[in-house]
Amino acid sequence: MALLEIVKWPAPVLDTPADPVTEFDEDLGKLVSNMFETMYAAPGVGLAAVQVGVPKRLFVMDCSGGKDPQQRVVLVNPEVLRVEGNQNGEEGCLSFPGIFTPVERSLRAIVRAQDLKGEWFEIDGMELTARCMLHETDHCDGIVFLDKMSTIKREIVKRKIKKLQKAGKWD
Ligand code: NI
């Protein structure tokens, strides 16, 4: 296994819809193992392939932060089937290190995806799980959490990033 480099916004790969995964082979398994290692090391609870520069529709997630093996899951070609309710809470993204801001999301999300063998399954998640699945599925569609913020908040965050870039702290 190896740690992968996490790309920071505004890398173009983060703003581009990713391609569906069609090959469920050894290479996919390797990529996913490395993505899990990279996510745990960051640390984070979700990581999409586009965030390590791979333009494919998949993400890894573990909302327990490595404490509960049952929550370690890979979602390949995810599709949001249904959402319900609302939640508003602080959200972060490994491609925006140090930026945390409230983002409104659905309280519940039912997402369909394929596993590493190509078998379809569904996850019915609430709260953090729903937030994470929606955030990561957005990544697969070339959408970042900045796009989900109000115009004012988005401008504040963009200004903050510009300052960090000028200071050489965001590359
Ligand atoms: Ni993210």
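This text follows the structure it describes.
All of these numbers come straight from a predicted model, not from anything done at the bench. (Residues numbered from 1 in each chain as written. Predicted model: local features only at pLDDT ≥ 70, side-chain atom pairs only at ≥ 80, totals over all residues. Heavy atoms only, no water.)

Visitor: Would you mind showing me how to read the pairing of strand E7 (residues 120-126) here?
Guide: It is a general feature of regular strands that their side chains alternate between the two faces of the sheet. As judged from the seven bridges shared by strand E6 (residues 108-114) and E7, these two strands associate in the antiparallel manner. Bridging from a neighbouring strand, alanine 113 pairs with phenylalanine 121 of E7. Between the antiparallel neighbours E6 and E7 lie five residues, among them glycine 118 with a positive phi of about 95 degrees. (Pairing = 2+ DSSP bridges. Helix = DSSP H or I, 4+ residues; strand = E, 2+ residues; numbered from the N terminus.)

Visitor: Would you mind going over the coordination of the nickel ion with me for this structure?
Guide: Six octahedral donors around a metal ideally sit at 90 or 180 degrees from one another, while four tetrahedral donors ideally sit at 109.5 degrees. At the metal site, the nickel ion is ligated by Cys93 (SG), His135 (NE2) and His139 (NE2), and these contacts range over 2.0 to 2.2 Å. On the primary sequence, the residues serving as donors to the nickel ion are separated as C-x41-H-x3-H. Residue cysteine 93 is located in the loop between strand E4 (87-91) and strand E5 (101-105), and its partner histidine 139 is located in helix H2 (residues 127-140); the two are separated by 46 residues in the primary sequence. Histidine 139 shares its class with cysteine 93; the two are buried. (Donors = N, O, S within 2.8 Å, 3.2 Å for Na, K, Ca; no water. Buried < 20%, exposed > 50% of the residue type's maximum accessible area, 1.4 Å probe, protein only.)

Visitor: Would you mind showing me how to read the sheet that holds strand E1 (residues 46-48) here?
Guide: Hydrogen bonds between backbone groups are what pair the strands of a sheet, and the pairing can be parallel or antiparallel. Strand order in the open sheet formed by five strands is E1-E2-E3-E6-E7, and the pairing between neighbours is antiparallel. Among the strands making up the open sheet, the edge pair consists of E1 and E7. Here the average twist between neighbouring strands, direction ignored, is 40 degrees. As defined by bridge partners, strand E3 (residues 73-84) adjoins E6 across six bridges and the pair is classed as antiparallel. Across the sheet, the residue bridging to valine 76 is glutamine 114, located in E6. The strands touched by helix H1 (residues 26-41) are E1, strand E2 (58-61) and E3; relative to E2, the strand with the most contacts, the crossing angle is about 45 degrees. Strand contacts of H2: E1, E2, E3, E6 and E7, with the helix running at about 125 degrees to E7, the strand carrying the most contacts. (Axes fitted to C-alpha atoms, helices over the stretch in contact; angles between N-to-C directions. Contact = heavy atoms within 4.5 Å.)

Visitor: Any chance you could explain the environment of proline 17 here in plain terms?
Guide: Turning to its location among the elements, proline 17 is positioned in the segment before H1. Considering only alpha carbons, one finds proline 17 and isoleucine 123, 106 residues apart in sequence, at a separation of 22 Å. Not counting chain neighbours up to four residues away, the residues in contact with proline 17 comprise Cys140, Asp141 and Gly142.

Visitor: Quick question: what am I supposed to make of H2 here?
Guide: Two residues of an α-helix separated by three or four positions point the same way, owing to the 3.6 residues in each turn. Taking 1.5 Å as the rise per residue, H2 with 14 residues should run 20 Å; its terminal C-alpha atoms sit 20 Å apart, in good agreement. Counted residue by residue, H2 has 12 buried out of 14 residues, so it is predominantly covered. For H2, every residue scored as buried is listed here: Thr129, Ala130, Arg131, Cys132, Met133, Leu134, His135, Glu136, Thr137, Asp138, His139 and Cys140. (Expected span 1.5 Å × (residues − 1).)

Visitor: Help me understand the nonpolar core in this model?
Guide: Within soluble globular proteins, side chains that are nonpolar tend to cluster in buried spots. Core analysis: the biggest nonpolar cluster contains 33 residues, and Leu14, Met61, Leu75, Phe96 and Met133 have the highest contact counts within it. Elements with a minimum of two residues in this core: E2, E3, E6, H2 and helix H3 (151-166). Setting aside its immediate chain neighbours within four residues, methionine 61 contacts Phe36, Met39, Val45, Gly46, Gln71, Arg72, Val73, Leu75, Ile123, Thr129, Cys132 and Met133. Residues Val21, Met35, Leu47 and Leu58 belong to the second largest nonpolar core, which totals 15 residues. (Core = buried A, V, L, I, M, F, W, Y, C linked by side-chain atoms within 4.5 Å.)

Visitor: So what exactly am I meant to see when it comes to the environment of isoleucine 6 here?
Guide: Structurally, isoleucine 6 is set in the segment before H1. Taking the C-alpha atoms as reference, isoleucine 6 lies 19 Å from lysine 162; in sequence the two are 156 residues apart.

Visitor: I would appreciate a short explanation of the environment of threonine 137 in the present structure.
Guide: Within the secondary structure, threonine 137 is located in helix H2. The class for threonine 137 is buried, based on a relative accessible area of 5%. Between the alpha carbons of threonine 137 and glycine 89 there is a distance of 18 Å; along the sequence they are 48 residues apart. Each residue touching threonine 137, except ones within four places of it in the same chain, is listed here: Phe59, Pro78 and Val80.

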